[in-house]
Amino acid sequence: MVLPVVDRISAEWTAGRTLRLNLATDINKAFAEKMDVTDTPTFILFDVHGNEQERWVRNAPAVEDLPQ
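Residues numbered from 1 in each chain as written. Predicted model: local features only at pLDDT ≥ 70, side-chain atom pairs only at ≥ 80, totals over all residues. Heavy atoms only, no water.

## Section: the overall build of the protein
And step 1. Counting secondary structure elements, the protein contains 2 helices and 2 strands.
And step 2. Beginning at the N terminus, the succession of helices and strands in the protein can be written as α-α-β-β.
And step 3. Since a compact globule built from 68 residues should have a radius of gyration of about 11 Å, the 12 Å found for the protein is in line with a globular shape.
And step 4. Seen through its principal axes, the protein has C-alpha atoms that stretch 30 × 30 × 15 Å.
And step 5. A burial count over the protein gives 19% of its 68 residues as buried.
And step 6. For the protein, the proportion of contacts with a sequence separation of at least 24, taken over those separated by at least 6, is 31%.
And step 7. A total accessible area of about 5300 Å² is found for the protein, and carbon and sulfur atoms account for 51% of it.
And step 8. Distance between charge centres in the protein, computed from 7 positive and 11 negative side chains, equals 5 Å. (Helix = DSSP H or I, 4+ residues; strand = E, 2+ residues; numbered from the N terminus. Rg over C-alpha atoms; globule rule 2.2 N^0.38 Å. Buried < 20%, exposed > 50% of the residue type's maximum accessible area, 1.4 Å probe, protein only. Contact = heavy atoms within 4.5 Å. Areas by Shrake-Rupley, 256 points an atom, 1.4 Å probe, with all protein chains shown as cover. Lys, Arg positive; Asp, Glu negative; His and termini not counted. Charge placed at Lys NZ, Arg CZ, Asp CG, Glu CD.)

Okay, here's the thing in structure tokens:
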């Protein structure tokens, strides 16, 4: 199950913020399409300017692998 993984990252990773999107809504589906999200789960790391830095598809990143 993905939700506990996202919750763990949200709780343990303090160098950034996490955002969980529910793809059942039109606006979130549109964002996912814009970001070329084709599989779930997809984890995307953005810099402070909104540029994609890294992407993990189907596998969550380990908290230790995220910038600190």
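## Describing the pattern of salt bridges
And step 1. This model, assessed by the stated rule, comprises 4 salt bridges.
And step 2. A salt bridge links glutamate 12 to arginine 8, with the nearest nitrogen and oxygen atoms 3.8 Å apart. Note that glutamate 12 and arginine 8 are positioned in helix 1 (residues 2-12) at a spacing of 4 residues, about one turn of the helix.
And step 3. For glutamate 52, the salt bridge identified is with arginine 55, shortest N-O distance 2.8 Å.
And step 4. A relative accessible area of 35% places glutamate 52 in the partly exposed class. (Salt bridge = Lys/Arg side-chain N within 4 Å of Asp/Glu carboxyl O.)

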